[in-house]
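Chain and residue survey
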Amino acid sequence: MTGKPALHPGSSDFIVVSNRLPVDRVSADIDDAGWRRSPGGLVTALAPVMAAREGAWVGWHGAPDEELEPFRHDDMDLIPVALSADEVELYYEGFSNATLWPLYHDVIAPPEFHRTWWDCYRKVNRRFAQAAASSAAPNATVWVQDYQLQLVPRYLRQLRPDLRIGFFNHIPFPPPEIFAQLPWRRDIISGLLDADLIGFQRPSDSANFLRSARRFVGAGVKASQVQIKDLDGKTVHISRAAPFPISIDVAKIAELAVRPDVIARSKQIRADLGNPKTILLGVDRLDYTKGITHRLKAYGELLSDGDLTVEDAALIQVASPSRERVESYRLLREEVDGMVGRINGQFDTTSNTAIRYLHHSYPVEEMVALYLASDVMLVTSLRDGMNLVAKEYVAARGNNTGALVLSEFTGAADQLKSALLVNPHDIDGLKSAIMRAVRLSPGESSRRMRAMRRQVLSHDVQRWSEEFLDTLQQEAELQ
């Protein structure tokens, strides 16, 4: 598919705008034209929409200081947006991930506010908007994704008032009392309000946004609608903010969970750990929002207390690398490495290990094998927009076994109400929940997992995208 010319600019009826294109380069050689589709639910959800609507995807292709012409791959037109190394540092690592990310995650880490970062964020957002505007057909639908591009709706509206514009925020949106810290709070709110529909993961996120719109830009808010007025008090635009909880590619996970090679791999994982009675599993990006250190502390104390032993239990912790050039992430890795080393040093035997720590990323087949091999899934996020790992674990448990310990501070807690919900800051409570999961009777385990599977199987990622786009069309028709 690679190498076909893109459709003529201005002919795409449906455009997705995200920080990254939905493809990864197969080779590091810049002359190699080979690309493969990126893994992930968003790409899976939108690929059919792309194919049906002559879709195009606008995003950075991942290599700084390199300009690429638009190209076609897997029936999608891909519109690369070039970023310099300085822009990656200022717009992405700086404003997006050292200002917005901690601010939107309840300032678990202190956000940094630098005007040079903000100036670059504005410049890059305008560039993304220009790329989308030049590719969109008349009256096209443009769906902007996530916190890196919150100014794109405003720039798009200025460039192309004919467009139907949606925005989805994949991470939490903070309460006004926290959002107030951002020096450019009015600009961000105003940027988002030029979308016809603004989607969030949880009702609390959309409520926080509506409160901020009222407080910081004086917008008229009625139910989920925000009215934008001109200086004469005339309504010139109506935007709606509402929750649309994202989900996973359920069919793919379920299919892998019954594949003989994946099942065989899951058995091999258990055997490699000495076939303990209980395997606990954590799967996270190595991020300070994920509560990994809280989980390790609780697990270490359970070993110290004698509630768990390395002969009967083992914890597999997958922590995929994340933003390793950002100082707070480097420090977190050192802390996690140290905790794992201390726990293993204290409790390992020649035959058993307390924690199998894996600082890698793995293909989805290996992840499903891990889900099948594990008796207890630990999701202890301190703040999470959704946490799709929890849903993947549930989708993989076709025999209705296993237990999910789930932080109440995840979006998934709104849907997976039969999980064992915990406050990860409460280490004693977390320890109790882990032991309850370990000792859960087969009957209760089956009842809880069956209820969670009903929810996940009936609300997959395709349904998420359809509901958002149908609502966007209805909202735009009301304008």
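Please read all numbers here as calculations on a predicted model, not as lab measurements.

Criteria and thresholds
Residues numbered from 1 in each chain as written. Predicted model: local features only at pLDDT ≥ 70, side-chain atom pairs only at ≥ 80, totals over all residues. Heavy atoms only, no water. Helix = DSSP H or I, 4+ residues; strand = E, 2+ residues; numbered from the N terminus. Rg over C-alpha atoms; globule rule 2.2 N^0.38 Å. Buried < 20%, exposed > 50% of the residue type's maximum accessible area, 1.4 Å probe, protein only. Contact = heavy atoms within 4.5 Å. Areas by Shrake-Rupley, 256 points an atom, 1.4 Å probe, with all protein chains shown as cover. Pairing = 2+ DSSP bridges. Axes fitted to C-alpha atoms, helices over the stretch in contact; angles between N-to-C directions. pLDDT = per-residue confidence, 0-100. Phe/Tyr/Trp six-rings, centres within 6.5 Å; stacked < 30°, edge-to-face > 60°. Lys NZ or Arg CZ within 6 Å of the ring centre and 35° of its normal. Expected span 1.5 Å × (residues − 1). Domains from an automatic or database assignment. Buried area = accessible area lost by both parts, 1.4 Å probe. Salt bridge = Lys/Arg side-chain N within 4 Å of Asp/Glu carboxyl O. Parallel < 35°, antiparallel > 145°, perpendicular 65-115°, else oblique. Left-handed = near helix turned anticlockwise from the far one by under 90°. Nonpolar A, V, L, I, M, F, W, Y, C, P; charged D, E, K, R; others polar. Bend = angle between axes of the 7 residues up to and from the residue. Polar contact = N/O pair within 3.5 Å; in protein donor to acceptor, adjacent residues only side chain to side chain.

On to the overall build of the protein, then. The helix and strand tally for the protein stands at 17 helices and 18 strands. Relative to the compact-globule value of 23 Å for 479 residues, the protein shows a C-alpha radius of gyration of 23 Å, a close match. Expressed along its principal axes, the backbone C-alpha trace of the protein runs to roughly 70 × 50 × 40 Å. The proportion of buried residues among the 479 residues of the protein is 57%. In the protein, of all internal contacts separated by at least 6 residues, the share reaching a separation of at least 24 is 74%. About 19500 Å² of surface is accessible on the protein, with carbon and sulfur atoms providing 49% of the total.

Judged by pairing direction, the sheet is mixed, and its 10 strands sit side by side in the order 5-6-4-1-7-8-9-12-11-10 without closing on themselves. Across the chains shown, the open sheet's two edge strands, defined by having one partner strand only, are strand 5 (71–73) and strand 10 (220–222). Each adjacent strand pair in this sheet contributes to an overall mean axis angle of 25°, direction not counted. In this structure, strand 11 (residues 225–229) lies alongside strand 12 (residues 235–243), joined through 5 bridges in antiparallel fashion. Counterpart to V226 in the pairing with strand 12 is S239.

A word on the confidence of the model for the protein. Residues of the protein with pLDDT of at least 70 account for 96%, and the chain-wide mean is 92. For residues 1–8, every residue scores under 50 in pLDDT, and the model assigns this stretch 19 contacts once sequence neighbours within four places are set aside.

Neighbouring strands of a sheet are bound in pairs by backbone hydrogen bonds; such pairs are parallel or else antiparallel. Strands sit in the order 15-14-13-16-17-18 across an open sheet of 6 strands; the sheet is parallel. Looking at strand neighbours, the two that pair on one side only are strand 15 (355–358) and strand 18 (420–422), the edges of this open sheet. Shown here is a sheet whose adjacent strand axes are inclined to one another by a mean of 20°, direction ignored. Strand contacts of helix 12 (residues 364–373): strand 13 (278–285), strand 14 (313–320) and strand 16 (376–379), with the helix running at about 145° to strand 13, the strand carrying the most contacts.

With the rule as written, the count across this model stands at 23 aromatic pairs. When the ring of F173 is compared with that of F179, the centres are 5.1 Å apart and the planes differ by 40°; the resulting orientation is tilted. Classification of F179 by relative accessible area gives buried; the value is 0%. Here the basic side chain of R20 rests over the ring of W60, its NZ or CZ set 5.4 Å away from the ring centre.

Attention shifts here to helix 7 (residues 203–217). Along an α-helix, a turn takes 3.6 residues, which lines up residues three or four apart on a common side. Over its 15 residues, helix 7 extends 21 Å from the first C-alpha to the last, a length consistent with the 21 Å expected when each residue adds 1.5 Å. The set of residues buried in helix 7 consists of D205, S206, N208, F209, L210, S212, A213 and F216. Directly beyond the C-terminal end of helix 7, a positive phi value near 65° is found at G218.

Before going further, it helps to spend a moment on the domain arrangement of the protein. Note on interface size: it is often stated as the accessible area lost on association of the parts. Segmentation of the protein into domains returns domain 1 (12–246 + 462–478) and domain 2 (250–459). For domain 1 and domain 2, the distance between their C-alpha centroids amounts to 31 Å. Across the boundary between the two partners, domain 1 contributes 21 residues, which contact 23 residues of domain 2. Surface buried jointly by domain 1 and domain 2 totals about 1800 Å² across both partners, of which 53% is contributed by carbon and sulfur atoms. On the domain 1 side of the interface with domain 2, the three residues burying the most area are W101, I108 and R202, jointly 33% of the side's total. Here domain 1 is connected to domain 2 by 3 salt bridges.

Turning our attention to the packing of helix 8 (residues 250–257) against helix 13 (residues 388–396). Packing of helix 8 against helix 13 brings their axes to within 8 Å, and their N-to-C directions diverge by 45°. Classified by the angle between their axes, helix 8 and helix 13 sit oblique to one another. Helix 13 is crossed by helix 8, and the crossing has right-handed handedness. Packed against helix 8, whose contacting residues are I253, A254 and A257, the element helix 13 presents E392, A395 and A396 at the interface. Of the residues contributing to the contact of helix 8 with helix 13, the split by class is 5 nonpolar, no polar and 1 charged.

A word on helix 2 (residues 85–104). End to end, helix 2 covers just 25 Å across 20 residues, shorter than the expected 28 Å (1.5 Å per residue, more than 12% under). Along its length, helix 2 shows its largest kink, about 35°, at G94. Across the 20 residues of helix 2, 15 count as buried, placing the element largely inside the fold. Following helix 2 by one or two positions, D106 adopts a phi angle in the positive range, close to 60°.

As a further point, take the environment of M50. Position of M50 relative to the elements: it lies in helix 1 (residues 41–52). Through-space distance from the C-alpha of M50 to that of S465 is 12 Å; in sequence the pair is 415 residues apart.

Its place among the elements puts R211 in helix 7. Exposure remark for R211: the relative accessible area of 35% places this residue in the partly exposed category. A sequence separation of 36 residues divides R211 from P175, and the C-alpha atoms of the two residues are 7.8 Å apart. Discounting chain neighbours no more than four positions away, the residues touching R211 are P175, P176 and E177. In terms of polar contacts, R211 uses its side chain to reach the side chain of E177, at 3.0 Å.

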